Every structure is written in C-alpha cells, then in structure tokens.
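An overview of the molecular structure
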Amino acid sequence: MFRDILWLCLLPLLAAASVQAPSRQHNPPRTPGHAEEAPPVPDWPLPFFTSDPHAVLTAAARYASGDADAIVLGYFVRAHIDAQGKLQQTTRIVTRVMRLQAVERVRRVALAWSPSRENRPVVKARVIGSNGEAHTLAEASISDAPLPAPLPQAETETHVLSAVLPSVDFDSIVELEVQRSDRAAVYPGGRFAEIQLDTRDPIFRFTAVLDCESPNTMHVEPRSFPAATLTTAESGRQVTVQASRVPPSAPAFLLPPDMPPAPVVDFSNLPDWQSVARWYSGLLPRTPRTLTAALDPIAVAEKSFEAMQSDIRDTGAALGAASYTPSAPADTAARRYGDSKDKAVFLIAKLAGYGVDAKLALVSAAPAPDATPALPGMEPFSRGLVYVSGPRPLWIDPTNAALPVTKIPVADQGRWALIIDPATTALTRIPQSRAADNREVTSAEIHLGDGAPARIETIAEASGAFEEAVRPALLSGAAATGPDRDKLWSQFARLGHVDRIISVDAGHPTALGEICSLRTVAEGYAASHVGDV
C-alpha cells in the first residue's frame, strides 16, 4: 500500500519540477547517422526582410521537408563579447510551415529577459504567405510583462517579451530576428554564454560566429550536436561553429549531468576559474569567526540550518535571476526571505558565530545540465550552497527542506561546484550517494477477522532520494484538515485498495534529524477478499 502512497506523494513534486524547470528543454542526445555523413547544407542564400517574397518562396521550395510539421531552413547566430564583458547577440531563423499542426507554435514568440542586466530585446519578423504576400510584425503587437514574484514582498527581475506573428499559415515562410544585449557586465572583461537551439523542428543549417575583444582567447564547446565543425581564427578570438541537418527531438528527462538535453554551444573568454572565484569572493560580506575553538561542525550546522529554515523563506529564484551580489545577513534576517545565495551567506554567518568556517559554493542544479570544467564563468550556475571542509565535508543546500544537513539533495549530487575562495583553481565534484543510501522499507501486518473486514497496518521508512521526495508531501498532509484531509485519505484508500483509512501518522516530518516514516491503519484490504468462483 505504501508504494502507491509514495507515488501519490511524488505527483505534486513532479508537477512542481515541470513548472520550475529552467528554460533549457529536455531532449535526448544526438547520435551521428547517415544523414550527418551527407554533404553540408549551404547557408540560407537570401537576406532577411528585404528579399523579394517570391524569391524567398522559390528558395524555400528547394528544401525537402519529409514528414516534419515545420522545417528550419537556416539558423544563424552572431555573438560578440566586448572589452567590458558585455554580450551582444543577434539570432536569425527562417522557418517554413509545412502543416497546420505547426502554425500555433510558430506564430508565438516568447523571450525571458532580465531588465537589471539586459536591454529590452528587439524582435523583428516577416511572414510570407504562399501567395507571396508579406506581413511585418508591428512593434505595437509586442508585449512585455514581469513574471509574478514567488513571494508577495519579493521583487521579480525576470520579464517575458511576447508576440504573435501575423498571418502564419500552412506553407508560410517566417523570417525572425532577435537582438539581445547586456546592459551591464557580470564579470568585468569577460563572460560565459550559451546558445540553446530550439530543436522541435529539423534544422537544415546552423551557423554561429562568436568573437570577443579581450586579449583572452575564445573557448567554445558544442554539446549534443550530431556533427559540428569549429573554425578558429588565427587570433584565437573568433570561432565559427557550423552544423547541417540537426534532427528534431522529443522531450526526455533524467539525463546524465554532463549531457545537455538539446544542442547547445557554450563559449567563454574568461581566463580561468581562479579569477572568477577571486572576483566573486570580493562581493561577499565578511563573516569573521567569533569563537576561537569550533564546536562540532555537524551539530552546529544542524542547529543553525533548522533555525534558518524556520525563520527565512526561500524565494525559489535561481542564481542570476536577480543581482549576483548576495544580501547582507542582517538584511536577509530583517526581511525574512532570500534566494539560495542570500540564505547560504546567512547560514555561513551563523556558522562563523559558532567558530565553524564555511564557504559559499555555486552549482548548476538538476534538471539543468552541469557546468563545463573547461569554460569558466558565473552564468552556468543556478544555486548557492554552503561548503564546510573537514574529515566529513558538508555540502548544505539552503533550499532543501526535506533532508538533514548531512545528506545532499539529488539535484546537487555528482555535479561540479565552484567553491568561492581566492585559492580555488578548479571546480570540485560534489559527492554522490550510494544505492544503499536511498531506501524504502515497508512492513505490513494483515489481520483477517472471522466475518469482519480485514485490518492492515503498514509502517514505511524512507531515506535518501525517497525521503527527499516524500517528506514535503508528508508535511502537506500533516497540515491538511477537514475536507482536505478527507479527500487525501480517500485517495490513500483508493490507491491502497482498502475500504477505509482508520488513521495516518507521519510522526514529526519537520524534524529532519528523525527517520522519515509513515504509519497507516486501514480496513477492508481488497487482497484479503475470498469467495466461491
């Protein structure tokens, strides 16, 4: 019975993960095949927006569509990192709509952007119908709105620019251009960036030209491409990436951390990881230890972590969604909320008060792909952690509300982390749990009465990944009252194949140091029913 209840508990968690997932789409990796061995496809030959519409239709007709709903005839990116470390990027895509099923998604454009760091994106589009009539996207039809803040008091720094392209129909040709530019640099003089391809439709030709003004060379790594060629200029500061016949892909999940779910081009002109760690160290508030002799780090961390979780709410914002500079611990305490880096710095200050030396660490948490050790930068990371060195190092995720500090959430395990310390020279791999650390143990007693409904008592205990998945649901269930509790119990009864739930006891789910358990008593166990055939 408890296995069914476990899945019931997991459903809200999985639903939340699908909503909170980063913008990187999850698609399976590419494997080379015979299509990639064919001659390269030439670049789209016509200029955007000014070419004769009938010439565009004629050129597009030369591309074989197969059974695709739409085909991308050309995908072009030009990215430039200036001497200050600001990125200017122009993306141009020409798409042919082959079936009515693709009309709705092709006509809708949506871009997330941050007003604090970016200038408002510029979107241009022209739609050419099968009769040669051209329609241009009007500026007045482009809207921009902030995303709702996760907490009423928190200010969101993410906007969504959206537009509906005019007159998109079967056999239309869509020319789309998006210009993006940084308002301010994150790291002075350099940057990490990533080009994420939308591979819902096959791409006949992809070309990206990447360059920088700094004296450092440009490092580029295409990932999950079927076959991509790199051409580096003699200066080392310009790299051209090209690929032909990039196939479409369907959503996929639970990929290895180092495998991007869709083709991406990662690039950076930063010199090394030590320069990043040294620079970010200068942005952190100083937290000197106030005790000369440290107490037991684990006991101190457990006490401080539970107090923080009780007093400071998490905004759920990813690292980089707001300013990279963490709030001072006093400010976080005063407003009683913060994102992962704010909470991490707050916890580091608390630990320092007990003589425990801790450092901020940055990680790209699942479901996002992992950071790339060869490409330094701040931008790959999505979450701040607390790292405590020692014989038993601690990796504490301040967003975790389901595990004790001695256990690492699944989203962080096995990933590369940047420990923010001037002495750091490389990324550090976060430990990964063993299979034995992730267990679900269930015991059941079934009492068969003479003429009375069977009575079943189950006791289930979860640890590791199971505990992380179940404990938040147990917290929600423990707080349910009245009709909400009755509805939850009826779901338990249906999934457990019993007539009636008598009692459900989740113990103390808020006590992270205690075993995560669930005791259920029910009657009318369906598997005990017997009769004549």
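Residues numbered from 1 in each chain as written. Predicted model: local features only at pLDDT ≥ 70, side-chain atom pairs only at ≥ 80, totals over all residues. Heavy atoms only, no water.

**Considering the overall build of the protein**
Which entries qualify depends on this criterion: Runs of E in the DSSP output that reach at least two residues are strands. Runs of H or I that reach at least four are helices, and both are numbered from the N terminus. Contact definition: two residues touch when any of their heavy atoms are within 4.5 Å. Using the Shrake-Rupley algorithm and a 1.4 Å probe, accessible areas are obtained, with residue cover drawn only from the displayed protein chains.
Summing up its helical and strand segments, the protein has nine helices and 25 strands in all. By sequence separation, contacts in the protein at least 24 residues apart represent 74% of the contacts at least 6 residues apart. Carbon together with sulfur atoms contributes 54% to the accessible area of the protein, which is approximately 25500 Å² in total.

**What about the packing of aromatic side chains?**
Filter applied, for reference: Only Phe, Tyr and Trp rings are paired, with Trp represented by its six-membered ring, and only when their centres lie within 6.5 Å; those with planes under 30 degrees apart are stacked, over 60 edge-to-face, the remainder tilted. When a residue's accessible area, from a 1.4 Å probe over protein chains only, is under 20% of the maximum for its type it is buried; when over 50% it is exposed; and in between it is partly exposed. Sitting over a ring, as applied to charges here, requires NZ of Lys or CZ of Arg to be within 6 Å of the ring centre and within 35 degrees of the ring normal.
All chains considered together, the criterion is met by ten aromatic pairs. Note on Tyr63 and Phe204: the rings are 5.2 Å apart at their centroids and 80° apart in plane angle, and the pair reads as edge-to-face. Of this pair, Tyr63 sits in the loop between helix H2 (53–60) and strand E1 (70–81) while Phe204 sits in strand E10 (residues 203–212), and the two are 141 residues apart along the sequence. For the pair formed by Tyr63 and Phe204, the shared burial category is buried. The interplanar angle of 45° and the centroid separation of 4.6 Å between the aromatic rings of Tyr387 and Trp395 together place this pair among those described as tilted. Under the relative-accessibility criterion, Trp395 is labelled buried at 5%. Grouping aromatic residues by their ring pairs yields a cluster made of Trp44, Tyr63 and Phe204. Positioned above the aromatic ring of Tyr337 is the side chain of Arg335, whose terminal nitrogen or guanidinium carbon lies 5.1 Å from the ring centre. The cationic tip of Arg429 hangs over the ring face of Trp416; the distance from NZ or CZ to the ring centre is 4.0 Å.

**Some remarks on the sheet that holds strand E25 (residues 516–523)**
Quick reminder of the rule: In this description, strands pair whenever DSSP reports at least two bridges between them. Axis angles are defined between N-to-C directions and span 0 to 180 degrees, where every axis is a line fitted to C-alpha atoms and, for a helix, only to the segment in contact.
An order of E22-E23-E25-E24 is seen for the four strands of this open sheet, with the pairing classed as antiparallel. In this open sheet, the two strands that pair with only one neighbour each are strand E22 (440–447) and strand E24 (500–505). Shown here is a sheet whose adjacent strand axes are inclined to one another by a mean of 15°, direction ignored. Examined bridge by bridge, E24 and E25 share five bridges and lie antiparallel to one another. Bridge assignment links Arg500 to a residue of E25, and that residue is Glu523. Along the sheet face, helix H8 (residues 465–479) touches E22, strand E23 (455–462) and E25 and points at about 60° away from the line of E25.

**Side note on the pairing of strand E14 (residues 264–268)**
Each regular strand shows side chains that alternate between the opposite faces of the sheet. Burial runs high along E14: five of the five residues are buried. Along E14, one buried face is formed by Val264, Asp266 and Ser268 and the opposite face, lined by Val265 and Phe267, is buried too. Across five bridges, strand E9 (residues 192–196) lies against E14 in antiparallel orientation. The partner of Ala193 across the bridge, within E14, is Phe267. Judged from the five bridges that link them, strand E11 (residues 219–223) and E14 form a sheet pairing that is antiparallel. Residue pairing for E14: His219 is matched across the bridge by Ser268.

**Things to note about the nonpolar core**
Put simply, the rule is: The definition of a nonpolar core used throughout is a set of buried Ala, Val, Leu, Ile, Met, Phe, Trp, Tyr and Cys residues joined through side-chain atoms within 4.5 Å.
With 37 residues, the main nonpolar core has Tyr280, Leu351 and Val386 as its most contacted residues. If you list the elements that add at least two residues to this core, you get helix H4 (273–281), helix H5 (297–311), helix H7 (340–353), strand E17 (359–363), strand E18 (383–388) and strand E19 (394–396). Of all hydrophobic cores here, the second largest spans 24 residues; its members include Ala79, Ile93, Leu197 and Phe206.

**Regarding the confidence of the model for the protein**
The following threshold applies: On a range of 0 to 100, pLDDT expresses the predictor's confidence in each residue.
On average, the protein scores 86 in pLDDT, and the residues at 70 or more come to 89%. Low pLDDT (under 50) marks residues 10–36, which in the prediction has 53 contacts with non-local residues, meaning those over four places away or in another chain. Segment residues 529–533: pLDDT under 50, and two contacts once partners within four positions in sequence are set aside and those in other chains are kept.

**Notes on the side chain of Glu467**
What counts is decided by this rule: Distance and chemistry together define a polar contact, namely a pair of N or O atoms within 3.5 Å, with one atom able to donate a hydrogen and the other to accept it when in protein, and with adjacent residues in sequence counting only for side-chain atoms on both sides.
Along the chain, Glu467 turns up in helix H8. Polar contacts involving the side chain of Glu467 include one to the side chain of Lys407, which spans 3.3 Å. For Glu467, the contacting residues outside a window of four places in its chain are Ala402, Leu403, Pro404, Lys407, Ala462, Pro472, Leu512, Glu514 and Cys516.

**Thoughts on the sheet that holds E19**
Reading across from one edge, E19-E18-E17-E20-E21 is the order of the five strands in this open sheet, with antiparallel pairing throughout. Every interior strand has two partners, whereas the edge strands, E19 and strand E21 (428–429), have only one. Along the sheet face, H4 touches E17 and strand E20 (416–419) and points at about 50° away from the line of E20. Along the sheet, H7 makes contact with E17, E18 and E19, crossing E18 at roughly 20°.

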